[in-house]
Amino acid sequence: MKEETKKSTTPSSRKCVTFVVVLAIFVTVFLLHSMDDVRGPRRVPSPMAWQFQKGINNTLVFHKNISAPPKDGGFCKFKPLSSEDAEEERHLVDSVAWPETPLLRSNFSLGLTSNPRGSNFTILPNDGGQQRYVGDVLKVSININDFSGNPKKTGGDFIIARLHNPVLLAGVVGKVVDHLNGSYTALFPLLWNGSAAIEVTLVHPSEAISFLHKLNKDRPDRIKFVSVFRNGRTTEASICNVCLRPRMVPICNFTDIRTGEPWFCYKPKKLDCDSRISHTKIKSAINIGAYQRLFQTKINLKVPIPSSGPRTVRVMSRERGKQVANESFGLSGFYYKGVWNSLSGAKVQHFNNSAISRCLQGKVVHLYGDSTIRQWYEYLTQSLPDLKGFDLHSLKKIGPFMALDYKRNTFVDFQCHGPPIRFSQVPIPQLSYVANKLDSVVGGADTVVVIGVWSHFSSFPVEIYIRRLLSIRKAVARLLARQPATVVVIRTANPKKLLLYETLTNSDFYTMVRDKILRAVFKDTNVHWVDAWDMTVSHYLPHELHPQPPIVKNMIDVLLSHICPVPSG
């Protein structure tokens, strides 16, 4: 009996031994390869490769997907998904290049840095004589001195300017030209009859800009993200980010299958990657040592520059008005009597609540983005009593949100964009990338899509933001290809109130750069714009991340003017 058993099992046993040996070799090679990837060059998998890997194991847990640290010391870089994307990325990065200023050592004094209160601006003479008329261009010279009283010899300061009349509630943004020698020129179109006052503000000295560049390269993970993993009674938390610093620990790869958007977490010690249930941003201190002196309120952080002479001009009307060549300014509009007037694109109408309801009748409105887009959802639902929000048991500031005016067949919803969204306790099923949401939109003449994605990308190298925008643009192109009548509106970025923490994570300089990239990426697409930057800078109210109601009202008017334009002819 024993011999029979031995004879009958020997072939099977040999097969098992062979299988075990082959499996052991496979596992050993796989582990060695993975360890090599931890120590050596890494790459982001292509969407196709990721689909194959996901078929084997839901989430990779080896640190093999972050780009190798480049020679300049930065560690948050990814290869573009295609050669075309790579070429466009290079062009976009070059288009927002900023004049370089050597970064001072940590023991520097403020003496050599730009001093806004010690600088000045001067109104330049008018080419056509002393009198100024509507349609003329006002030129202002700006000269920057350092805290030692010496003229600066280099450019690179971040300066914004506006022309305004507080009585008329009028305002327009000025175009600032850097001459790279410590002097600047601000150009303003004269658009209303009456007085016009100049306001010039140094947002950051050039030395601060150099530090902000270095901060994004060296510390793109200074904003902390955490995910909670749970299985039964076991709960763990782990650090997550677009870019994780290399450690000899496994990671969870949550790169989006369809878009290729990267996101990673250090793998929990006990739980699998598949047990991730939430996403949270946590505030943490950012220590920058002596460089903090570059970001001092009322000293060199968003401080007005005084005038060396008159700061106002008197503007007369022309009987035969001269039109400003707005192409040289690129301005979208200006305020007059508190309402926004367009200098390009569709005529801006002004909607009361009943007009808003009529405009949105029969419309499906999808709002995708950050909290500045959620603000529009809140404005509409608070202004229109018949637009009732449904209780989806969503957290107040996170969403998703949905509202319906049953009588007028109007549907409005809001969905936050995916990581690196800086919201707290977002359930993982609600972390949807905008490109993926767009691919699920049927579209058509009664569909409106609003996109606002900018603020939450400020602490990363611009290449991360470019990657996201290119993904969204491709999805917009697919939507408009299948349903050309769909109305797609993009909300641009806007400046905000700056304190130290806000500056280090979401400076107006970071915002301005991303705003330029946003406009460039969607320049040749069939989308409409709400220019939040110009509408915020030129308004009399102080800058806020979430603009105050009068500004939001004007933004909604621009939005609705795109949805319900004035009939031509």
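The structure displayed is predicted, hence computed values, not measured ones.

Engineer: Residue-level account of the overall build of the chain, with values.
Structural biologist: Across its full length, the chain holds 12 helices and 25 strands. Counting over 569 residues, the chain shows a buried share of 53%. Of all intrachain contacts in the chain linking residues separated by at least 6 positions in sequence, the fraction that spans at least 24 positions is 74%. Here the chain has roughly 27,000 Å² of accessible surface; of this, 56% comes from carbon and sulfur atoms.

Engineer: Report on the state of the cysteines, specifying residues and quantitative values.
Structural biologist: The final tally for this structure, using the stated rule, is 4 disulfides. Each sulfur of the disulfide joining Cys 252 and Cys 273 lies 2.0 Å from the other. A torsion of -80 degrees about the S-S bond marks the disulfide between Cys 252 and Cys 273 as left-handed. Of this pair, Cys 252 sits in strand β11 (residues 251-253) while Cys 273 sits in the loop between β12 (264-266) and β13 (276-282), placing them 21 residues apart in sequence. For the residue pair Cys 252 and Cys 273, the accessibility class agrees, reading buried in each case. Between the sulfur of Cys 359 and that of Cys 564 lies a disulfide, 2.1 Å long from S to S. A torsion of 105 degrees about the S-S bond marks the disulfide between Cys 359 and Cys 564 as right-handed. Here Cys 564 lies in the segment after α12 (549-563) and Cys 359 lies in helix α5 (residues 353-359), a separation of 205 residues in the sequence. Each bonded cysteine of the chain gets a number by its place in the sequence, and the pairs then read 1-3, 2-5, 4-6, 7-8.

Engineer: With reference to specific residues and values, describe helix α10 (residues 508-521).
Structural biologist: Taking 1.5 Å as the rise per residue, α10 with 14 residues should run 20 Å; its terminal C-alpha atoms sit 20 Å apart, in good agreement. The element α10 is extensively covered by neighbouring structure, given that 11 of its 14 residues are classed as buried. Among the residues of α10, the N-terminal cap falls to Ser 507, whose side-chain oxygen and the backbone nitrogen of Phe 509 are separated by 3.0 Å.

Engineer: Go over the packing of helix α4 (residues 206-218) against α10, please, and point to the residues and values.
Structural biologist: Where α4 contacts α10, the axes come no closer than 10 Å and their chain directions differ by 75 degrees. Regarding the angle of α4 to α10, the classification is roughly perpendicular. Contacts from Ile 209, Leu 212, His 213, Leu 215 and Asn 216 of α4 reach α10 at Phe 509, Tyr 510 and Arg 514. Class assignment for the residues of the contact of α4 with α10 results in 5 nonpolar, 2 polar and 1 charged.

Engineer: Please set out the packing of aromatic side chains residue by residue, giving values where relevant.
Structural biologist: Inspection of every chain in the model, using the stated rule, returns 12 aromatic pairs. With a centroid separation of 6.0 Å and 70 degrees between ring planes, the pair formed by Phe 158 and Phe 509 is classed as edge-to-face. In this pair, Phe 158 sits in strand β4 (residues 158-165) while Phe 509 sits in helix α10, placing the two residues 351 residues apart along the sequence. Note on accessibility: Phe 158 and Phe 509 belong to one class, buried. Three or more aromatic residues joined by ring pairs make a cluster, and in this case those are Trp 98, Phe 158, Phe 509 and Tyr 510. One residue, Arg 276, lies across the ring of Phe 254, its end atom 4.4 Å from the ring centre.

Engineer: Pulling in residues and values, what's your account of the sheet that holds strand β20 (residues 401-405)?
Structural biologist: Read across the open sheet, the 7 strands follow the order β19-β20-β21-β18-β23-β24-β25; overall the sheet is mixed. Every interior strand has two partners, whereas the edge strands, β19 (388-389) and β25 (528-530), have only one. Summarising the sheet, strand β24 (residues 487-491) and β25 pair through 3 bridges and their orientation is parallel. Bridge pairing in β25 links Arg 491 to Val 530.

Engineer: Can you break down α12 residue by residue, with the values?
Structural biologist: Since the α-helix turns once every 3.6 residues, residues separated by three or four places project in the same direction. Here α12 spans 21 Å end to end across 15 residues, near enough to the 21 Å set by a 1.5 Å rise per residue. In terms of burial, α12 is largely enclosed, as 12 of its 15 residues are buried. Those residues of α12 not exposed but buried are Ile 551, Val 552, Asn 554, Met 555, Ile 556, Asp 557, Val 558, Leu 559, Leu 560, Ser 561, His 562 and Ile 563.

Engineer: Lay out the nonpolar core in plain terms, naming residues and giving numbers.
Structural biologist: Membership of the largest hydrophobic core comes to 106 residues, with the highest contact counts inside it found for Ile 142, Leu 438 and Ile 451. The biggest single contributor to this core is helix α8 (residues 462-482), with 11 residues. Core analysis: the next-biggest nonpolar cluster, separate from the first, contains 44 residues, Leu 367, Tyr 379, Leu 380 and Val 426 among them.

Engineer: Go over unusual backbone geometry with me, naming the residues and quoting the values.
Structural biologist: Note: most residues except glycine have negative phi, and most peptide bonds are trans. Look at the link from Gly 399 to Pro 400: it is a cis peptide, with omega at 5 degrees. You can see Pro 400 is positioned in the loop between β19 and β20. For the bond running from Pro 419 to Pro 420, omega is 15 degrees, close enough to zero to count as cis. Here Pro 420 shows up in the loop between β21 (410-416) and β22 (426-427). Of note, Lys 298 is a non-glycine position whose phi angle comes to about 70 degrees, a positive value. Looking at the element boundaries, Lys 298 is found in the loop between β13 and β14 (303-304). For His 393, which is not glycine, the phi dihedral falls at a positive 60 degrees. With respect to the helices, strands and loops of the structure, His 393 is situated in the loop between β19 and β20.

The rules we used
Residues numbered from 1 in each chain as written. Predicted model: local features only at pLDDT ≥ 70, side-chain atom pairs only at ≥ 80, totals over all residues. Heavy atoms only, no water. Helix = DSSP H or I, 4+ residues; strand = E, 2+ residues; numbered from the N terminus. Buried < 20%, exposed > 50% of the residue type's maximum accessible area, 1.4 Å probe, protein only. Contact = heavy atoms within 4.5 Å. Areas by Shrake-Rupley, 256 points an atom, 1.4 Å probe, with all protein chains shown as cover. Disulfide = S-S within 2.5 Å. Expected span 1.5 Å × (residues − 1). Polar contact = N/O pair within 3.5 Å; in protein donor to acceptor, adjacent residues only side chain to side chain. Axes fitted to C-alpha atoms, helices over the stretch in contact; angles between N-to-C directions. Parallel < 35°, antiparallel > 145°, perpendicular 65-115°, else oblique. Nonpolar A, V, L, I, M, F, W, Y, C, P; charged D, E, K, R; others polar. Phe/Tyr/Trp six-rings, centres within 6.5 Å; stacked < 30°, edge-to-face > 60°. Lys NZ or Arg CZ within 6 Å of the ring centre and 35° of its normal. Pairing = 2+ DSSP bridges. Core = buried A, V, L, I, M, F, W, Y, C linked by side-chain atoms within 4.5 Å.

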